[in-house]
Every structure is written in structure tokens, then in C-alpha cells.
Amino acid sequence: MLNLSKSLEAFNEAKTLMPGGVNSPVRSYRSVDCNPPFIARAEGDKIYDIDGNEYIDYVGSWGPMVVGHAHPQVVKALQEAATRGTSYGAPTVIESELAKLVQSVYPSMEMLRMVNSGTESTMSALRLARGYTGREKILKFIGCYHGHSDSLLVSAGSGMATFGVPSSPGVTKGTAADTITIPYNDEEAFKEIMDKCGDEIAAVIVEPVAGNMGCIPPKQGYLRLLRKLTEEHGTLLIFDEVMCGFRASLGGAQAAYGIVPDLTCLGKIIGGGLPVAAYGGKREIMSKVSPSGPVYQAGTLSGNPLAMTAGLETLKIITAEPEAGEPDYSRKLTLKTKKLLLGWQEKAREAGVSIQAHQAGSMFGIFFSEKEVYDYADAEAADQEAFKVWFKAMLEQGIYLAPSQFETLFMSGAHSEEDIDRTIEAAGRAFAAVAAL
Ligand code: PLP
């Protein structure tokens, strides 16, 4: 049994100070009915708790730690940057350096604006879309998460393709009414709603590879349909690549599926573990953002020099030219992920447990389901009890996974073949525990 006594003590104290003892809900481990390890440090593919337990980490701070934790190149650059001051609230050259590097991989982002979180990037992109088109409605897909701004905390109302209702107290009915929600990966639902009111919709926002209902890639042709119908109706298409950016492929989902969105939201990775995100797109649209245009958006800490430094060093590592004959960084991650998932599938088969394994580049996950999983309803129908047992059995064996079936796992450059093999062996025992249910 893992000894988590110090973590439990720390959690009990934290609960007196912060709602649920955490600063972001999923960290509380509530959905897997146990208490979270409190983390002391991380290095490479390992994370260590305050009880001295070591884990192989497939959460990677929910995505950004693509080069592993405390990468020496990132740490050195940060140490040097810190001696020059931690914030100026004034323009710096490094902001343009990071913008240029992002743009070289995401050419659709002809101009971009740095912000501090994914929430800020999607909220700002939607305001821009509304300001640019002069329309008020937006459309999102059930199970796609775009941060916690009011217009995005919305559930489907009654009936298919209805105007939304608040999914959290504090969101006004008026705000929610401007958000339309439909199922993800459902071509007919999308055609129907665009037919009905496409001309009133400012923007369609989508996680082009969904990562917040577990990892669910788009069906073949689905993103192309979104692009076609949004273009026909003068609706902007926003790709929220906060999670799948630099993950689905180096150039994200837009490169992997060959679709050019009007606006893109990036986050996480472009800050290398420090708080950074960005939104950007067509020059004509981005020119409407203040101070060049009338759509207001600002941030005291936006473009913070430490955050820009961590992002720049991280992106330099993953965009570096590979040695002759070697696959590039992103391809290597994809291959390691494939190996891990094949191993898990084999172990699940041996244990007689049905799973659906999903991968998009270095994003991955499994569902305990006999049926294929294409949308939120399918994900919800998967066996959550089996997931809990599997999760706990993996944690006991030193494998740190996201504590919810509705999250995605991430591979990093620091994961060794040996650690992947260990993870496959651990999975065999965890599937046996599920089979014994
Ligand atoms: N968009 C997507 C696709 C995300 O996965 C997330 C967070 O996980 C966000 C937006 C919100 O980002 P943040 O938590 O940085 O506000």
C-alpha cells in the first residue's frame, strides 16, 4: 500500500484554506474517491510526492511538460531570465521571438496575442469573433471544454441543438442563451443547426481533437464539414488547440487534418509549464484587437518574460531539426505513445477486459467500453467503476495518471523505453484487478 500520510495531512489543512483543498477541481481526486498525493518535485518523466513516493507521470501538468519536467535547458534559461527581473509590463524582444516560433509552426496564426491561460485565450477569441462579425451567438460541442468563462459554461437545453442553459450557478440565463450546444462528431446535428441559424452564429469553437471527455479524435471528414459550412455562413471557425496544439502533431490538429481555421487558441505547451496561452489567426481579424482595433483585451502579466522564456526554450527543443535519418521530436512521441497503447491493449485482452484505446500523436487514453466512443454520451456510458479500480491500481504501482476518465494522458520526450515497459507491466496487473470486479 502507498503511504500517503503526509499528503493526507497536507490535504486536510488545504481544505481549510481553499475550496476542496485545491486551486483547480480535478486535482482533488474526488472522481476516483481517494485523496491526492501532494507533490514535492518533478524531474524528467518522474513526479515525487511529499511522502517520498516516486511515480512515472503521464499527466505532465495536463499537457505542457512535453520535454519532461525540469528540463536542464529550460531551467537554465529561466534562472538567467530571473536575474534580469520577473516582470516589466512593457514590450520585450522575447515576445516577438516566441510569436515568430509559434507562427512558423502555425502559419494560420498570421498575428497573435499572448495571454495567461487557456480560459483567457478562448474568451478573448470569442469576443473578437463577435466583434468582427457583429453576431452574438456562438456554437460549442457537448463535452468540449474551453475554460471557465461564462459563455462556455453551458449545457444543452432540452431537445437537440437548442440554445444553452447555464451549467454552473453564477452564469446568467442571458449569457447561456447565446451559446448553442450540439454533440461532437455528429455531422447531421451540425448541418441541421447551421441550416437553421448559421447566419446568426459568430463562431463555432471546437477542440479539433477532443481531450476533455477523454481523448476523442474527430471522425474522418468531420473537421472539413465544420470548415465548409462555417465558410458558407460567414461564421468564424475557432480551433481550440490549447490541449492538442503541438500534440496531435507538431502543427497541432490543423496540420494533422489539413484544415485552416480562422482563429486558433493555444496554451499550456507554449509556456513550457508557466502560465501562457495565445490566440491568433487571420491578420484581417486580429487587426480588430485593441489597440489596433476596437475589440478590447489586455493583461498586466501578458508576455511575462519568465513565461516567454520557458515557452521559447520548450518550443526550440520540440521544433529542432532531427539528426539525419531520425524521426522528429513529435514523431518520436507518437511512436512511444503507440507502443504504450499497444501494450495496454494486449494486457487488457489477456485479462479479458474490453477497452477502447485512443491516440492522437502524443495525446492518449482508454475507455472501459465494448462500444466505440465518438462523443460525450459514449464516454459517459463507459464503465466508470472499472476506471476507478484501474486508476487506483496504477497509482499503487507508481504510475501517475489523470484521476478521471474524462481527461487525456500525455507522453513526453523524457519517458524512457524502460519506463514505458514498466507501465505496460503495471497495466497488466491493473486490468487483472478490473477483471476481478
Ligand atoms: N481549452 C482546452 C481545450 C483545455 O483543455 C483547457 C484546459 O484544460 C482550456 C481551454 C482552459 O485552459 P486553462 O486551464 O489554462 O484556463
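Residues numbered from 1 in each chain as written. Predicted model: local features only at pLDDT ≥ 70, side-chain atom pairs only at ≥ 80, totals over all residues. Heavy atoms only, no water.

## Considerations on helix 10 (residues 305-319)
- Between its first and last C-alpha atoms helix 10 spans 21 Å; for 15 residues at 1.5 Å apiece the expected length is 21 Å, and the two agree.
- Within helix 10, 13 of the 15 residues are buried, leaving the element largely enclosed by the surrounding structure.
- Put simply, Asn304 is the residue that caps the front of helix 10, since its side-chain oxygen is 3.0 Å from the backbone nitrogen of Leu306. (Helix = DSSP H or I, 4+ residues; strand = E, 2+ residues; numbered from the N terminus. Expected span 1.5 Å × (residues − 1). Buried < 20%, exposed > 50% of the residue type's maximum accessible area, 1.4 Å probe, protein only. Polar contact = N/O pair within 3.5 Å; in protein donor to acceptor, adjacent residues only side chain to side chain.)

## Examining the pattern of salt bridges
- In this structure the tally under the stated criterion is 19 salt bridges.
- A salt bridge links Lys339 to Asp421; its shortest N-O distance comes to 3.0 Å. With Lys339 in helix 11 (residues 329-351) and Asp421 in helix 14 (residues 417-435), the pair connects residues that are 82 residues apart, well separated along the chain. (Salt bridge = Lys/Arg side-chain N within 4 Å of Asp/Glu carboxyl O.)

## Comments concerning the environment of Ser104
- Here Ser104 is to be found in helix 3 (residues 93-105).
- Sequence separation between Ser104 and Gly251 is 147 residues; the distance between their C-alpha atoms is 9.2 Å.

## Details of the state of the cysteines
- Applying the stated criterion across every chain, the model contains zero disulfides.
- In this structure Cys197 is not part of a disulfide, and its nearest cysteine sulfur, from Cys144, lies 18 Å away. (Disulfide = S-S within 2.5 Å.)

## Section: the pairing of strand 2 (residues 46-49)
- Burial along strand 2 is two-sided: the face carrying Lys46 and Tyr48 and the face carrying Ile47 and Asp49 are both buried.
- Relative to strand 2, strand 1 (residues 39-43) is paired through four bridges, and the arrangement is antiparallel. Residue pairing in the sheet places Ala42 in a bridge with Ile47 of strand 2.
- Linkage of strand 1 to strand 2, two consecutive antiparallel strands, is achieved through a turn of two residues, within which Gly44 is found at a positive phi near 60 degrees.
- Where strand 2 lies against strand 3 (residues 54-57), three bridges are found, and the strand directions are antiparallel. Considered in strand 3, the bridge of Lys46 is made with Ile56. (Pairing = 2+ DSSP bridges.)

## Structural notes on the sheet that holds strand 16 (residues 399-400)
- Taking strand neighbours across the sheet as the criterion, the four strands line up as 1-2-3-16 in an open arrangement whose pairing is mixed. Since the sheet does not close on itself, it has two edges, and those belong to strand 1 and strand 16, each with one partner.
- Along the sheet, helix 14 contacts strand 2, strand 3 and strand 16; its crossing angle with strand 3, the most-contacted strand, is approximately 100 degrees. (Contact = heavy atoms within 4.5 Å. Axes fitted to C-alpha atoms, helices over the stretch in contact; angles between N-to-C directions.)

## Points about the sheet that holds strand 14 (residues 356-360)
- Read from one edge of the open sheet, three strands run 14-15-17, paired in antiparallel fashion. Here the strands that pair on one side only, and so sit at the sheet edges, are strand 14 and strand 17 (409-410).
- By the bridge criterion, two bridges tie strand 15 (residues 363-367) to strand 17 in an arrangement that is antiparallel. Residue pairing for strand 17: Phe364 is matched across the bridge by Leu409.

## Some details on the domain arrangement of the chain
- If you check the domain split of the chain, you get domain 1 (5-70 + 327-435) and domain 2 (72-319).
- Measuring from the centre of the C-alpha atoms in domain 1 to the corresponding centre in domain 2 gives 25 Å.
- Buried surface at the junction of domain 1 and domain 2, both sides included, amounts to about 2400 Å², of which 66% is carbon and sulfur.
- Linking domain 1 with domain 2 are zero salt bridges, by the criterion used here.
- Mapped by element, the contributors of at least two residues to the side of domain 1 that touches domain 2 are helix 11, strand 14, strand 15 and helix 12 (376-381).
- Looking at the side of domain 1 that touches domain 2, the element that brings in the most residues is strand 15, giving four residues.
- Class assignment for the residues of the side of domain 1 that touches domain 2 results in 19 nonpolar, nine polar and two charged. (Domains from an automatic or database assignment. Buried area = accessible area lost by both parts, 1.4 Å probe. Nonpolar A, V, L, I, M, F, W, Y, C, P; charged D, E, K, R; others polar.)

## A word on the site of the ligand
- Residues in close proximity to the ligand include Ser117, Gly118, Thr119, Tyr145, His146, Gly147, Glu207, Asn212, Asp240, Val242, Met243 and Lys268, which together make up its full environment.
- One of the backbone nitrogen or oxygen atoms of Tyr145 is found 3.4 Å away from a nitrogen atom of the ligand.
- In the model, an oxygen atom of the ligand is placed 3.0 Å from a nitrogen or oxygen of the Asn212 side chain.
- Across the shell around the ligand, the residue classes tally to three nonpolar, six polar and three charged. (Near = heavy atom within 4 Å.)

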